[in-house]
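Understanding the architecture of this molecule
Below, each chain spelled out in residue letters.
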Amino acid sequence: MTAVNANIAAPRMLQVGGGAVKQIAEVLGKFGLSRPLVVSDPFMVSSGHIRHCLDPLAAAGVVVTVFSDTVPDPTDTVIEAGVAHLRNGDFDCLIGFGGGSPIDTAKAMAILAAGGGKMRDYKVPFAADQGALPVIAIPTTAGTGSECTRFTVITDTERDEKMLISGLGALPLAAIVDYELTYSVPPRTTADTGVDSLTHALEAYVSKRANPFSDALAVSAMALIGTHIGTAYAEPRNAVAREAMMIGATQAGLAFSNASVALVHGMSRPIGAHFHVPHGLSNAMLLPSVTRFSISGAKARYAEASRRIGFAGEGDSDAASCGKLVAGLETLNKALSVPSPADYGIDEAAWNGKMALMAEQALASGSPGNNPRVPDKAEIMALYREVWTGAARNA
Ligand SMILES: NC(=O)c1ccc[n+]([C@@H]2O[C@H](COP(=O)([O-])OP(=O)(O)OC[C@H]3O[C@@H](n4cnc5c(N)ncnc54)[C@H](O)[C@@H]3O)[C@@H](O)[C@H]2O)c1
Ligand SMILES: [Fe+2]
């Protein structure tokens, strides 16, 4: 392992376990907080899932206001509306309740409310270290790990760009990690969010900024997710699998927040911005090809990842383990019914037409610079092309 000067940051408190969401009022109380604005999305409200957050608060006498206009892949315009809502009330904290989208919305609201201006003023390399209010995150997918990362990802609607915003202003004060909240996640979202977590762990492990702290978390997360993702997908109410996936997602979040993600995420965000593919699904589309491209930069690490995920055995050589990693990721995509970009409904001419811009946006995010093999623009475009044709060939 390369010696690095690592900056490690994590929420001050995680309440982890089945049913932990019932302790929400106690968690607020520990920090002297009592006037939350709950940030969620329309489905969480219409389906009634939001009651898991609101009922225990009401039982404790906490008066709650809900902002539920979050959209998938949250936009700068939604954040501005959220900040206006925030200014209309007397709130002392934000509770992000839902998948990565509501949690990222709450984080971005705190950052924009602190500094004003436009959301794009805060994108990397800006250090978004200030938040107007503390954020308590309660994930209901397993998942983005956003509950414990120093990142928020917001779409610039004028430029069709998913911006990475990084800094301590985006790091939640506390999180409640309750796997029972994920029982209701449908199989497609279980697969997509689970592959997102696996990608976080793998990219943290091979990142140029990997360190002993992120490694321990990444290795544990890869084993948990590799063992349980298939069961969580096939059996939504399997408690053992759901708990393992939730813990794996949070560990992977802590790992990549302290080591960064790399090329898969750099290339994934533009696909999300231009073609509205769910984040984990675009990661899955990219993962086998980008891994094949990157292995030469960190063979021993990719080989170890392959063993931890469970694709290779302890007795396999590094070369054999790396081969099994790419094959294993392709097999996993088939098992999880990951569509090709074409099957997802993306038009080939539109894909080809956007490849140069997507490659530029990927490079500008900085994530490819952390990859063990750093690509140039032409290599990223070739990878986008391979993801199109390779997926078609494997179908
Ligand atoms: N901040 C970070 O560190 C970080 C890391 C990775 C991804 N992200 C971002 O997170 C977003 C994606 O988050 P996501 O994958 O969790 O998806 P999401 O929050 O957009 O949710 C996807 C869908 O699942 C539904 N859902 C959520 N919980 C549910 C439950 N318990 N039962 C039933 N349905 C449920 C939602 O209502 C929504 O329709 C993207 O914008 C991505 O860029 C952020
Ligand atoms: Fe991600």
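Refer to the structure printed above.
In this report, we go over the structure that sits alongside the text.

1. Topic: the coordination of the iron ion (ligand 2)
Within the protein, the iron ion (ligand 2) binds to D196 (OD), H200 (NE2), H265 (NE2) and H279 (NE2); these donor distances fall in the range 2.1 to 2.2 Å. Geometry at the iron ion (ligand 2) is irregular, judged from its four donor atoms and the angles of 84 to 169° they form at the metal. Going along the chain, you hit the donors of the iron ion (ligand 2) in the pattern D-x3-H-x64-H-x13-H. Residue D196 and its partner H200 are both found in helix α6 (residues 187-206); the two are separated by four residues, about one turn of the helix.

2. Section: the pattern of salt bridges
For the structure on display, the rule yields 20 salt bridges. R35 is the partner of D92 in a salt bridge, and the nearest nitrogen-oxygen pair spans 3.8 Å. Taken as a pair, D92 in the loop between α4 (76-87) and β4 (93-98) and R35 in the loop between α1 (24-30) and β2 (36-39) lie far apart in primary sequence, 57 residues in all. Judged by its relative accessible area of 34%, R35 is partly exposed.

3. Some remarks on the site of ligand 1
Close to ligand 1 lie 32 residues; G100, S101, D104, T140 and T149 are nearest. Side-chain polar atom of T149 to an oxygen atom of ligand 1: 2.7 Å apart, as the coordinates give it. Calculation on ligand 1 without its partners gives an accessible area of 870 Å², and the protein chains cover 89% of this total. For the shell around ligand 1, the secondary-structure elements that each account for two or more residues are α2 (42-46), α5 (100-115), β6 (151-156) and α6. Broken down by element, the residue count for the shell around ligand 1 peaks at five residues, all from α5.

4. A short note on the nonpolar core
Counting 73 residues, the largest nonpolar core has M222, M267, L286, Y302, L336, W351 and Y384 as the members making the most contacts within it. Counting 25 residues, the second-largest nonpolar core is a separate cluster that includes V39, I79, L86 and L94.

5. A few points about the environment of C322
Positionally, C322 belongs in helix α12 (residues 318-335). Classification of C322 as buried rests on a relative accessible area of 5%.

6. Some thoughts on the packing of aromatic side chains
What describes a pair of aromatic rings is the distance from one ring centre to the other and the angle between the planes of the rings. With the rule as written, the count across this model stands at six aromatic pairs. Members of the aromatic cluster, connected to one another through ring pairs, are F275, W351, Y384 and W388. A cation over an aromatic ring shows up here: R237 above the ring of Y183, its NZ or CZ 4.5 Å from the ring centre. Geometry around Y205 places R301 over its ring, the cationic atom sitting 4.4 Å from the centre.

7. Points about the sheet that holds β2
Strand pairing in a sheet is mediated by backbone hydrogen bonds. Such pairs are either parallel or antiparallel. Ordered by their spatial adjacency, six strands build an open sheet running β1-β8-β5-β4-β2-β3, and the pairing between neighbours is parallel. Pairing within the sheet leaves two strands with one partner each, and these edge strands are β1 (13-16) and β3 (65-67). Here the average twist between neighbouring strands, direction ignored, is 20°. Across five bridges, the pairing between β4 and strand β5 (residues 135-139) is parallel. By the bridge assignment for β5, L94 is matched with V135. Packed onto the sheet, α4 meets β2, β3 and β4 and runs at close to 165° relative to β3.

8. Observations regarding the side chain of E304
The residue E304 is located in helix α11 (residues 299-309) in this model. A polar side-chain atom of E304 sits 3.0 Å from a polar atom in the side chain of R307.

9. Concerning the state of the cysteines
Throughout this description, disulfide means a covalent bond between two cysteine sulfur atoms. Under the definition given, this model contains zero disulfides. The structure places no disulfide on C93, whose sulfur is separated from the nearest cysteine sulfur, that of C53, by 10 Å. Judged by relative accessible area, which is 0%, C93 ranks as buried.

10. Some points on the pairing of β6
β6 sits mainly inside the fold: six of its six residues count as buried. Residues F151, V153 and T155 line one face of β6 and the alternating positions T152, I154 and D156 line the opposite face, and both faces are buried. The turn joining β6 and strand β7 (residues 161-166), which pair antiparallel and follow one another in sequence, is formed by four residues; a positive phi near 50° is taken by D160.

Rules used throughout
- Residues numbered from 1 in each chain as written.
- Chains lettered and ligands numbered in written order.
- Predicted model: local features only at pLDDT ≥ 70, side-chain atom pairs only at ≥ 80, totals over all residues.
- Heavy atoms only, no water.
- Donors = N, O, S within 2.8 Å, 3.2 Å for Na, K, Ca; no water.
- Tetrahedral: all angles 85-135°; square planar, octahedral: opposite > 155°, others 65-115°.
- Helix = DSSP H or I, 4+ residues; strand = E, 2+ residues; numbered from the N terminus.
- Salt bridge = Lys/Arg side-chain N within 4 Å of Asp/Glu carboxyl O.
- Buried < 20%, exposed > 50% of the residue type's maximum accessible area, 1.4 Å probe, protein only.
- Near = heavy atom within 4 Å.
- Polar contact = N/O pair within 3.5 Å; in protein donor to acceptor, adjacent residues only side chain to side chain.
- Areas by Shrake-Rupley, 256 points an atom, 1.4 Å probe, with all protein chains shown as cover.
- Core = buried A, V, L, I, M, F, W, Y, C linked by side-chain atoms within 4.5 Å.
- Phe/Tyr/Trp six-rings, centres within 6.5 Å; stacked < 30°, edge-to-face > 60°.
- Lys NZ or Arg CZ within 6 Å of the ring centre and 35° of its normal.
- Pairing = 2+ DSSP bridges.
- Axes fitted to C-alpha atoms, helices over the stretch in contact; angles between N-to-C directions.
- Contact = heavy atoms within 4.5 Å.
- Disulfide = S-S within 2.5 Å.

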